Amino acid sequence: RQYSFQARKKFTWGSLIATTSRQDWDLDPATTDLDLSPFPAASSRVAQSEGTWTQELRFESVPGPGKAQWRAGLFYVDSEIDGDAVRQFIVPPSVFVPPGFVQTERSVFAIGQENLAAYANLDHPLTEQSTIELGARVERVESNLRRDKASSNNYGFPVPPDPTLRMAESHDYVSFSTGLVHGLSDSLSLQGRVSLANKPAGHSGFTGNPALARFECEQSWSNEIGFTF
């Protein structure tokens, strides 16, 4: 489900645009047969819900040929992921494991992330044929993870629970782009662009290993040269 609302106000210098949105996503359930057999002794059931709020305030200049165009604003994201995963499987018999031993594991987790960003873009004519394009984005990201796991079995043997996992961190990121567009004719232009983008670090609720429950930031550096017709 997705909902959005937008309000726009025009001024002599440009426009103010406010956009609010809400997105809800539910997976309930996703069931997997782990041993592909007719017996219900090895299966996985995952229920997961995600909710995201976004709010943007954007300022834009009045469009017009032959003059600088700018855009700036603030963007806020608040997302929450709740998961409940149950796995059931047969443990092969051994000296310490009796025949027909079925292990059941349940993991419950919640992942939250808040992102506040400020951005600005400028398209400035250098000549009648050439325009420089500049853009920058600064953002603050806070993320957290809460995960609990409990185990049981059909023999009623006591199983100590896994340690509760609590993780939280915050990071700052800077992204930018710069480009140059040169008109060769009324219908053909040459452009070059360099940009740096970041995908924030975060957490996964599908492991109890603290070293694997956290993933690093992804960074993308791109260079582009092309023609536009």
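So, a few notes on the structure that sits alongside this text.

Cut-off values and rules
- Residues numbered from 1 in each chain as written.
- Predicted model: local features only at pLDDT ≥ 70, side-chain atom pairs only at ≥ 80, totals over all residues.
- Heavy atoms only, no water.
- Pairing = 2+ DSSP bridges.
- Helix = DSSP H or I, 4+ residues; strand = E, 2+ residues; numbered from the N terminus.
- Axes fitted to C-alpha atoms, helices over the stretch in contact; angles between N-to-C directions.
- 1 Å grid on protein atoms, 1.4 Å probe; cavity = no way out; pocket = protein on both sides within 12 Å on 5 of 7 lines; lining within 4 Å.
- Points joined across faces, edges and corners; volume = space filled by probe spheres on them.
- Nonpolar A, V, L, I, M, F, W, Y, C, P; charged D, E, K, R; others polar.
- Salt bridge = Lys/Arg side-chain N within 4 Å of Asp/Glu carboxyl O.
- Buried < 20%, exposed > 50% of the residue type's maximum accessible area, 1.4 Å probe, protein only.
- Polar contact = N/O pair within 3.5 Å; in protein donor to acceptor, adjacent residues only side chain to side chain.

## Overview of the sheet that holds strand S3 (residues 43-61)
Thinking step 1. In spatial order, the strands read S1-S2-S3-S4-S5-S6-S7-S8-S11; together these nine strands make up an open sheet with antiparallel pairing. Each edge of the open sheet carries a strand with a single partner, namely strand S1 (2-10) and strand S11 (218-228). Ignoring which end each strand starts from, the neighbouring axes of this sheet average 10° apart.
Thinking step 2. Sheet topology note: the strand S7 (residues 165-183)/strand S8 (residues 189-199) ladder contains eight bridges and is antiparallel.

## Topic: the layout of surface pockets
Thinking step 1. Volume-wise, the largest pocket comes out at about 280 Å³.
Thinking step 2. Taken together, 21 residues make up the lining of the largest pocket; nearest its centre are Gln 69, Trp 70, Arg 71, Asn 121 and Asp 123.
Thinking step 3. Of all the secondary-structure elements, those providing two or more residues to the lining of the largest pocket are strand S2 (14-33), S3, strand S4 (69-90), strand S5 (102-125), strand S6 (130-153) and S7.
Thinking step 4. Taken together, the residues that form the lining of the largest pocket break down as six nonpolar, nine polar and six charged.
Thinking step 5. In this structure, the second largest pocket occupies an estimated 180 Å³ of space.

## Here we look at the pattern of salt bridges
Thinking step 1. Under the counting rule described, the total for this entry stands at 17 salt bridges.
Thinking step 2. Taking the shortest distance from any N to any O, the salt bridge between Glu 56 and Arg 58 comes out at 3.2 Å. Pair check on accessibility: Glu 56 and Arg 58 agree, each one buried.
Thinking step 3. With its nearest N and O atoms 2.8 Å apart, the salt bridge here joins Glu 133 to Arg 193. Placement of the pair is Glu 133 in strand S6 and Arg 193 in strand S8, with a sequence separation of 60 residues.
Thinking step 4. For Glu 133, a relative accessible area of 21% puts it in the partly exposed group.
Thinking step 5. The network of salt bridges with common partners includes Glu 56, Arg 58, Glu 60 and Arg 71.

## So, the side chain of Asp 24
Thinking step 1. If you trace the backbone, Asp 24 turns up in strand S2.
Thinking step 2. A distance of 2.7 Å separates the side chain of Asp 24 from the side chain of Arg 22, its partner in a polar contact.

Remember, this is a structural readout, not a statement about activity or role.
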